[in-house]
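Inside the fold
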Amino acid sequence: GWQPDVNPRVPSSSPGLIHSLSAYLPRVMKTVHSLVKKTIFLSCSHFVVRSLGFLLRIWLSRELGAQAMGICELAQSAQMLLITPVVSGLPMAVTRMSAKESEGRRVRTLRCAAALSLAVSLALALFAFLGREALCAWLGDIRTMPSLLLYLPCIPILGMSCVLNGYAYGVGKPIAPAVGELLEQVVRALLCVRLVYGLRGMPLTLVAAIPAAAALAGETAGFLLILTVSLRALLGRGEGERKPIFKELLALALPLTGMRLVSALMQTVNASLIPARLRLFGFSAEQAMASLGIFHGMLKPVLMLPSFIVCSLSMAASPELTRMQAEGKPLACLSRRMLAATLLVGCGAMAGVFVFAPLIAHVFYKQAALLPLLRAACPLVPVMAMNHVCGGMMNALGLQKTSLKISLASSLTAVTAVYCLIPKIALWGAVVSLAAAQGLTLFFSLRALRRSGCIAR
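Residues numbered from 1 in each chain as written. Predicted model: local features only at pLDDT ≥ 70, side-chain atom pairs only at ≥ 80, totals over all residues. Heavy atoms only, no water.

Within the protein, the secondary structure is distributed over 17 helices and zero strands. A total of 457 residues make up the protein; the buried ones form 51% of that total. Put simply, of all contacts in the protein between residues at least 6 apart along the chain, 83% involve residues at least 24 apart. Taken as a whole, the protein presents about 20,800 Å² of accessible surface, with 68% of it coming from carbon and sulfur. (Helix = DSSP H or I, 4+ residues; strand = E, 2+ residues; numbered from the N terminus. Buried < 20%, exposed > 50% of the residue type's maximum accessible area, 1.4 Å probe, protein only. Contact = heavy atoms within 4.5 Å. Areas by Shrake-Rupley, 256 points an atom, 1.4 Å probe, with all protein chains shown as cover.)

In structure tokens, the structure reads:
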């Protein structure tokens, strides 16, 4: 075997170098093994949670009908706009700061973030309640009112839950958030089934509010669980001044919040614009709302399913990317593996969607009009999965301002395409709009990661 003490080519410093490597390599392997374990755990957890959500959405689409799902999706788009300021940038900022700070400063960060989230979310809920009629008029359908009112209490609940979950991910303890998501989904599913069978024959407006009522119950259950687990951290001894922490939180959160606000606003505009433009094509109001339900409630969830699966990879690896960046370590190896795994999952799912499109359209959803849309849009499956992981990587590396610019450009492209194309080619215009926005996002995201050195040139 090779003997360092007799090899004349080995310099005198070799034993020290070998000793350093022998001490460093176990730490590296431990980090890799920990990341793999977390990724496997989160993958299994997210697969179960998203599968339950996916099956629930299929079942609701069959039981409620496309028109009720259209009303529900319209109300949900407004809810997404309202909760974006508290569930996007702030939890990410907590995760990033918790991943690199000391224990006492983590506690102070968590408290500051919780106070900020609660203040903003309560103000948003009050604002939305006072302007509920104007909001429904902007959406273009007064039948969204019951759903909107049920979604309002979700704003502070979701805001606090996301902050606590962000802290848990940042300190490397993903079990509680994962169990909370599972509990939320189970409660949501059970209540949905109970309400659907209990409210048969009720007006369409109330039937369309069933998913909102179930969401409120599920999110409350998940919040109570994560709050119970996080009480020790909330009541712990904090270190550091509040003012600098608030400034750092806002500096990290505001660009991503702006990006998500732009995205949510454009999604809401799209959701309200699609029925209006379909009526110009010649659809009746009922047909237009049903088409919205097919596009947002059936097609997009199928295309986004792999994104939910690779979400676990992004959530497990993002804090590690933040730590590696802070320590000056190379990022390209981990980044390439993340993107390669995402592409593999996305391409496999694309093939699955294409092959099983008749089963999904005719058996699961019972909507023949969905089949050609699925077949045509299935190439978007890997693109959307890659966008999800690229977004997580950019947030972990502090590229929120770049993400905001990309989101603005792609959202404007999507709205323009919907406005111009739907009156000419009906719902196919929405599919083209989605493809244009996703393709643009992926191109500029990969370019930004390459320029940052995250991906080797």
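Structure shown, so let's carry the discussion forward.
A word on the packing of helix α3 (residues 89-100) against helix α4 (residues 103-130). Closest axis-to-axis distance for the α3/α4 pair is 10 Å, and the angle between their directions is 175 degrees. As far as their axial angle goes, α4 and α3 are roughly antiparallel. Across the interface between the two elements, Leu90, Val94, Met97, Ser98 and Ala99 of α3 pack against Arg106, Thr109, Ala113, Leu116 and Ser117 of α4. Grouping the amino acids of the contact of α3 with α4 by side-chain chemistry returns six nonpolar, three polar and one charged. (Axes fitted to C-alpha atoms, helices over the stretch in contact; angles between N-to-C directions. Parallel < 35°, antiparallel > 145°, perpendicular 65-115°, else oblique. Nonpolar A, V, L, I, M, F, W, Y, C, P; charged D, E, K, R; others polar.)

Quick look at unusual backbone geometry now. Here the phi dihedral of Lys366 falls at roughly 60 degrees; this positive angle occurs in a residue that is not glycine. In this fold, Lys366 is placed in the loop between α13 (332-364) and α14 (370-377).

We now examine the confidence of the model for the protein. Per-residue pLDDT for the protein averages 81, and the proportion of residues at 70 or more is 85%. When mean pLDDT is taken per element in the protein, α14 scores highest with 92 and helix α1 (residues 14-64) scores lowest with 63. In this model residues 1-15 is a low-confidence stretch, pLDDT under 50, and it forms five contacts with partners more than four residues away in sequence or in other chains. Low confidence marks residues 17-25, where pLDDT is under 50. Its contacts with residues over four positions away, or in another chain, come to four contacts. (pLDDT = per-residue confidence, 0-100.)

In this section: the packing of aromatic side chains. Enumeration over the complete set of coordinates arrives at three aromatic pairs. Between the aromatic rings of Phe281 and Phe283, the centroid separation amounts to 5.6 Å while the plane-to-plane angle is 80 degrees, which identifies the pairing as edge-to-face. Among the residues examined, Phe283 registers a relative accessible area of 24% and is labelled partly exposed. Of note, Arg132 hangs over the ring of Phe129, and the distance from its end group to the ring centre comes to 4.3 Å. Across from the ring centre of Tyr419, 3.8 Å away, lies the NZ or CZ of Arg277, which sits over that ring. (Phe/Tyr/Trp six-rings, centres within 6.5 Å; stacked < 30°, edge-to-face > 60°. Lys NZ or Arg CZ within 6 Å of the ring centre and 35° of its normal.)

Attention now moves to helix α7 (residues 154-170). An ideal rise of 1.5 Å per residue puts 24 Å on 17 residues; α7 measures up with 24 Å between its terminal C-alpha atoms. Most of α7 sits out of view: 17 of its 17 residues are buried. Downstream of α7 by a residue or two, Gly172 has a phi angle that is positive, lying close to 80 degrees. (Expected span 1.5 Å × (residues − 1).)

Ile274 and Leu299 are the most contacted members of the largest nonpolar core, which has 76 residues in total. Here this core gets 11 residues from one element, more than from any other, and that element is helix α2 (residues 66-87). Excluding residues within four positions of it along the chain, Ile274 makes contact with Leu292, Phe295, His296, Val418, Ile422, Leu427 and Ala430. Formed by 23 residues, the second largest nonpolar core is a distinct cluster that contains Ala93, Ala113, Leu164 and Leu252. (Core = buried A, V, L, I, M, F, W, Y, C linked by side-chain atoms within 4.5 Å.)

Looking now at the pattern of salt bridges. Summed over all chains, the structure comprises four salt bridges. One salt bridge in this structure joins Arg188 and Glu184, with 2.8 Å as the shortest N-O distance. Taken together, the residues span about one helical turn, with Arg188 and Glu184 both in helix α8 (residues 175-198) at a distance of four residues. Connected via shared salt-bridge partners are Glu184, Arg188 and Glu219. (Salt bridge = Lys/Arg side-chain N within 4 Å of Asp/Glu carboxyl O.)

Our next topic: the environment of Ala233. Locating Ala233 in the fold gives a position in helix α10 (residues 210-234). As a C-alpha pair, Ala233 and Arg108 span 125 residues in sequence and 9.4 Å in three-dimensional space. Not counting chain neighbours up to four residues away, the residues in contact with Ala233 comprise Val107, Leu110 and Tyr167.

A word on the side chain of Ser117. By the secondary structure assignment, Ser117 is in helix α4. Setting aside residues up to four positions removed in sequence, Ser117 forms contacts with Val86, Leu90, Gly159, Met160 and Val163.

Moving on to the environment of Ala414. Topologically, Ala414 is positioned in helix α16 (residues 400-425). Residues Ala414 and Met266, 148 residues apart in the sequence, show an inter-C-alpha distance of 8.1 Å. Apart from residues no more than four positions distant in its own chain, Ala414 is found in contact with Asn270, Ser433 and Ala437.

The subject of this paragraph is the packing of α2 against helix α11 (residues 242-281). Packed helices, taken two at a time, are described by the angle between their axes plus the distance between the axes. It is the contact of α2 with α11, at a shortest axis distance of 9 Å, that shows an interaxial angle of 165 degrees. Taken together, the axes of α2 and α11 are roughly antiparallel relative to one another. Relative to α11, α2 is oriented so that their crossing is left-handed. Listed contacts from α11 to Leu74, Ser77, Ala78, Met80, Leu81, Thr84 and Pro85 of α2 are Thr257, Arg260, Leu261, Ala264, Leu265, Gln267, Thr268, Ala271 and Ser272. The residue makeup of the contact of α2 with α11, split by class, is nine nonpolar, six polar and one charged. (Left-handed = near helix turned anticlockwise from the far one by under 90°.)

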